[in-house]
Amino acid sequence: MASPLVAPLSAPSVPSPLPPGNNHLSPHDIVTYFRCPQEMEIHRRQRESWRSGRPLGGILGAPGPGLLRSPLPPPPLDHLVVFQGRLDVFSGDTLIYEDPDERNLPILFPPAQNHAHAFLHDHAPLLHDPAWDLAGRPDLVIRRRDGSLVPVEYKETHLWERYHEVHGRVFDVIQALAECRLVEATWQVRPRMGIVYYGDTQGDGTREGWMEIPYGDRERGWLEHALTQIRKDPERRPVPSDHTCPTCEVNRDGLCPSAKFRYEGLRGAGPRPGAYGIPPWRGPGRFPSS
Ligand code: SF4
């Protein structure tokens, strides 16, 4: 039975409208597929329903039992480098892209080194890689003085606290790799690395830092494999776990019939009452059911 349209509690993570008929994947899709393929599938359908105004129809969730682990192996993680402090920006660096819809990005460059408006004058803010049919928006793209390009994903949190204890660095690494590919496809320059910059805005700034993620042949190969795996997976089965279900947005919105743990929220928010008529919480778990 078709369910009534209920807008997500927050805007989807990829706010640009998808061109009609385009089925491209986003960095966010890869991250959610890695967490739980069913989360990605429901989230995509939820987003499309929200954008189009059409009700969310059909059966939500794959038939059969859930998987014990993600069908996607983790990306290479052995050459990450983590730094404490404010992200290094030098006098010869320029900002060549900035997501115009991100309101809380840090101002790292003086106006003379900010050339992002030139790109956005001629291009849509959504970067699209037609070869791999990947689309998304890094927060920033920096051109270093040696000509190399670096996408930067900005997080308001700190690397080692709260949100990232739950979600883990691996999700940020996946996002950074996908953004490297978008930069490579857009500017025809292969980045050596992507950066995830943690601003620690909720703290006192003393735990600010960033992570450099190499984008070599191994990482690029992993990304290509991930996109192939997602596209060839017709089932997108759930991976219920105490790591993912308590922070899963489709669980929060009461859309997952396979949720094994109740939605806890990132900062202790309770579950949203059962939208769509599907209980947001079924079965036993770490926390006593209400
Ligand atoms: S609630 Fe759990 S099983 Fe359901 S989509 Fe989210 S992570 Fe997957």
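So, here's what we can say about the structure.

So, how was this worked out
- Residues numbered from 1 in each chain as written.
- Predicted model: local features only at pLDDT ≥ 70, side-chain atom pairs only at ≥ 80, totals over all residues.
- Near = placed C-beta within 6 Å.
- Helix = DSSP H or I, 4+ residues; strand = E, 2+ residues; numbered from the N terminus.
- Nonpolar A, V, L, I, M, F, W, Y, C, P; charged D, E, K, R; others polar.
- Axes fitted to C-alpha atoms, helices over the stretch in contact; angles between N-to-C directions.
- Left-handed = near helix turned anticlockwise from the far one by under 90°.
- Contact = placed C-beta atoms within 7 Å.
- Buried ≥ 20, exposed ≤ 12 C-beta atoms within 10 Å, placed from the backbone.

Turning next to the site of the ligand. Neighbouring residues of the ligand: 14 residues in total, closest C36, C245, C248, N251 and C256. Elements that contribute at least two residues to the shell around the ligand include exactly helix 2 (37-52) and helix 7 (249-252). Its residues assigned to classes, the shell around the ligand shows nine nonpolar, four polar and one charged.

Close contact between helix 1 (residues 27-35) and helix 5 (residues 169-187) brings their axes to 9 Å; oriented N to C, the two are set at 145 degrees. Crossing of helix 1 over helix 5 shows right-handed handedness. Listed contacts from helix 5 to P27, I30, V31 and F34 of helix 1 are F171, I174, Q175, A178 and E179.

In terms of burial, helix 1 is a largely internal element, nine of the nine residues being buried. The set of residues buried in helix 1 consists of P27, H28, D29, I30, V31, T32, Y33, F34 and R35. Looking at the packing, one finds that the buried side of helix 1 touches helix 2, strand 4 (134-136), helix 5 and helix 6 (217-232).

This brings us to the environment of P73. By secondary structure assignment, the location of P73 is in the loop between helix 2 and strand 1 (81-84). Taking the C-alpha atoms as reference points, P73 and H225, 152 residues apart in sequence, are found 9.7 Å from one another.

Leaving glycine out, the prevailing phi sign among residues is negative, and the prevailing peptide bond configuration is trans. At D133, a residue that is not glycine, the phi angle is positive and equals roughly 50 degrees. By the element assignment, D133 lies in the loop between strand 3 (127-129) and strand 4. In this structure, Q188 takes a positive phi of about 60 degrees despite not being glycine. Within the element layout of this structure, Q188 appears in the loop between helix 5 and strand 7 (193-198). Residue Q188 is classed as exposed on the basis of its C-beta count, with 8 C-beta atoms lying within 10 Å.

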